Amino acid sequence: MSEPVLSLRNLTKRIGRRNIVDNLTFDIPAGEVFGFLGPNGAGKTTTIRMIVGLISMTKGEAIIKGVSVRSHFELAMTHVGAIVENPEMYKFLTGYQNLVHFARRHNGVTKARIDEVVALLGLQNRIHEKVKRYSLGMRQRLGVAQAILHRPSLLILDEPTNGLDPAGIRELRDYLRKLTKEEGISVIVSSHLLSEMELMCDRVAIIQSGKLVDIRSLQETRDTAQSKIVIETGDMHAAQRLLASAFDPTFLTMSNGQLELAAEKSVIPHITKLLVSADIDILGIHAVQKSLEEQFLEITGGEMVV
């Protein structure tokens, strides 16, 4: 198995008597989109800031492509592209001029590489316009282009979807997927939009009070998520009494004028037969999987994951 692109080992940040980040340990392999999730103040941005050297580590280690951030910071950072908070650009320059300027900071970034990145991020039609005319979505894409010019192994994006409209979020998501496929880059994303994280990430780390609660594969989470059956009938109370006698009543609730039964969709034919045999009209019946948000709210004890 190849070495991880990023390894955190007991990474800790202590301020006063409190551990803001508390002994985080995990690995991120090549070609993965990895998400940081957690309630406000969980330590997500603090973790990112330690990885890229914006704040010091109290204890522990971050290792990027086998290089210690603590002891060989400059060498470790040659493997990293990052946007923390907002991408900062020279608005009076064109997008292309910005990329040329940033390219000078790294050895070996050729004009061909700049053109390649422009095409990869779909910026060809606007790259020679001044950045002050760009939408926020365009500036985000230009920021990503700048961050990957030197072919980093790890791309870190802190809240990259902030301020983007749905179309801009989808574009960014598609470009990140393209990057992991075509460039083999690993991407760390911190975001408060759970629905987007679900579509964007391969795995997520759930962080609460600075501690790692869990790391989940989103495909496995989708495959194993408990489903519920939502039922609408002409007589909800009669249906509730009937289903409570046929199933464990603790799995049955009424919400917003609908009955919800915690069960797999394979029981729908049985429910249908029960209701029809009792002469109860069925207005609607379908299975719904627990959303990522519902699952993570359970894990974090009801705290909003942002």
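Residues numbered from 1 in each chain as written. Predicted model: local features only at pLDDT ≥ 70, side-chain atom pairs only at ≥ 80, totals over all residues. Heavy atoms only, no water.

The cut-off we apply is this: UniProt positions are given in the numbering used here, feature names are shortened, and annotations may be inferred rather than shown by experiment.
An unreviewed UniProt entry lists the protein under the name ABC transporter ATP-binding protein, from Paenibacillus albus. The heading Sequence similarities (unreviewed entry) in the UniProt record of the protein holds the text "Belongs to the ABC transporter superfamily."

## Some remarks on the pattern of salt bridges
Basically, it comes down to this: Any Lys or Arg side-chain nitrogen found within 4 Å of a carboxyl oxygen on Asp or Glu counts as a salt bridge. A run of H or I in DSSP counts as a helix once it spans at least four residues, and a run of E counts as a strand once it spans at least two, with each numbered from the N terminus. Residue burial is assigned from relative accessible area. The probe radius is 1.4 Å, only protein chains are included, and a residue is buried under 20% of its type maximum, exposed over 50%, and partly exposed in between.
Taken as a whole and assessed by the stated rule, the structure comprises 11 salt bridges. Across the salt bridge formed by aspartate 22 and lysine 211, the nearest N and O atoms sit 2.6 Å from each other. One end of the pair, aspartate 22, is in strand β2 (residues 18-28); the other, lysine 211, is in strand β10 (residues 211-217), with 189 residues separating them in the sequence. Close ionic contact of arginine 141 with glutamate 171 constitutes a salt bridge, the shortest N to O distance being 2.7 Å. Placement of the pair is arginine 141 in helix α5 (residues 136-147) and glutamate 171 in helix α6 (residues 166-182), with a sequence separation of 30 residues. Judged by its relative accessible area of 34%, glutamate 171 is partly exposed.

## Concerning the environment of isoleucine 285
Threshold: Contact criterion: two residues are considered in contact whenever any of their non-hydrogen atoms come within 4.5 Å of each other.
Mapped onto the fold, isoleucine 285 is located in strand β14 (residues 282-289). Isoleucine 285 gets classed as partly exposed once you look at its relative accessible area, which sits at 24%. Discounting residues that sit within four places of it in the chain, isoleucine 285 has contacts with Ile229, Val230, Ile231, Ile268, Ile271 and Thr272.

## Quick look at the nonpolar core
Definition in use: To define a nonpolar core, start from buried Ala, Val, Leu, Ile, Met, Phe, Trp, Tyr and Cys residues and group those joined through side-chain atoms within 4.5 Å.
Of all hydrophobic cores here, the largest spans 42 residues; its most connected members are Leu121, Leu155 and Leu176. Only β3 (33-37), α3 (95-103), α4 (111-120), α5, β7 (154-158), α6, β8 (186-190) and α7 (194-200) provide two or more residues apiece to this core. Excluding residues that lie within four positions of it along the chain, leucine 155 makes contacts with Gly81, Ala82, Val144, Ala147, Ile148, Leu176, Leu179, Ile185, Ser186, Val187 and Ile188.

## Some words on the layout of surface pockets
Note the following rule: In this analysis the probe radius is 1.4 Å and the grid spacing 1 Å, with only protein atoms considered; a cavity is a set of points the probe fits into but cannot get out of, a pocket is an open set with protein on both sides within 12 Å along at least five of seven lines, and lining residues have an atom within 4 Å of a point. Grid points are joined across faces, edges and corners, and a volume is the space filled by probe spheres set on the points.
Taken as a whole, the largest pocket encloses approximately 580 Å³ of empty space. Residue lining of the largest pocket: 21 residues in total, with Gly81, Ala82, Ile83, Arg105 and Gln146 positioned closest to the centre. When contributions to the lining of the largest pocket are tallied by element, the ones reaching two or more residues are α2 (73-77), β6 (80-83) and α5.

## A word on the domain arrangement of the protein
As a reminder, the rule being used: Note that the domain bounds were set by an automatic or database domain assignment.
Taken domain by domain, the protein comprises domain 1 (4-221) and domain 2 (226-289). Placing a centre on the C-alpha atoms of domain 1 and another on those of domain 2 gives a separation of 45 Å.

## A few points about α6
Put simply, the rule reads: Expected span of a helix: the number of residues minus one, times 1.5 Å. This arc describes the spread of directions from the helix axis toward the C-beta atoms.
With 17 residues, α6 ought to run about 24 Å at 1.5 Å a step, and its terminal C-alpha atoms sit 24 Å apart, in line with that. For α6, the full list of buried residues reads Gly168, Ile169, Leu172, Arg173, Tyr175, Leu176, Leu179 and Thr180. End-on view of α6: buried residues confined to an arc of 165°, all on one side of the axis. In this structure, α6 carries Pro166, Arg170, Lys181 and Glu182 as exposed residues pointing more than 90 degrees from its buried face. For α6, the secondary structure elements touched by its buried residues are β3, α4, α5, β7, β8 and α7. Glycine 184 lies just past α6 and shows a positive phi near 70°.

## A closer look at the sheet that holds β6
Heads up, the condition is: At least two DSSP bridges between two strands are needed for those strands to be called paired. The axes used here are C-alpha line fits, helices contributing only the stretch in contact, and every angle between their N-to-C directions lies in the interval 0 to 180 degrees.
Taking strand neighbours across the sheet as the criterion, the six strands line up as β6-β7-β8-β3-β9-β10 in an open arrangement whose pairing is mixed. Since the sheet does not close on itself, it has two edges, and those belong to β6 and β10, each with one partner. Ignoring which end each strand starts from, the neighbouring axes of this sheet average 15° apart. Summarising the sheet, β3 and β8 pair through four bridges and their orientation is parallel. For glycine 35, the partnering residue across the bridge sits in β8 and is valine 189.

## Brief notes about α4
Within the span of α4, buried status applies to Arg113, Ile114, Val117, Val118 and Leu120. One side of α4 carries all its buried residues, which in axial view fall inside an arc of 165°. Across from the buried face of α4, at angles greater than 90 degrees, the exposed residues are Lys111 and Ala112. Buried residues belonging to α4 abut α3, α5 and α6. Of the residues trailing α4, glycine 122 is marked for its positive phi of about 65°.

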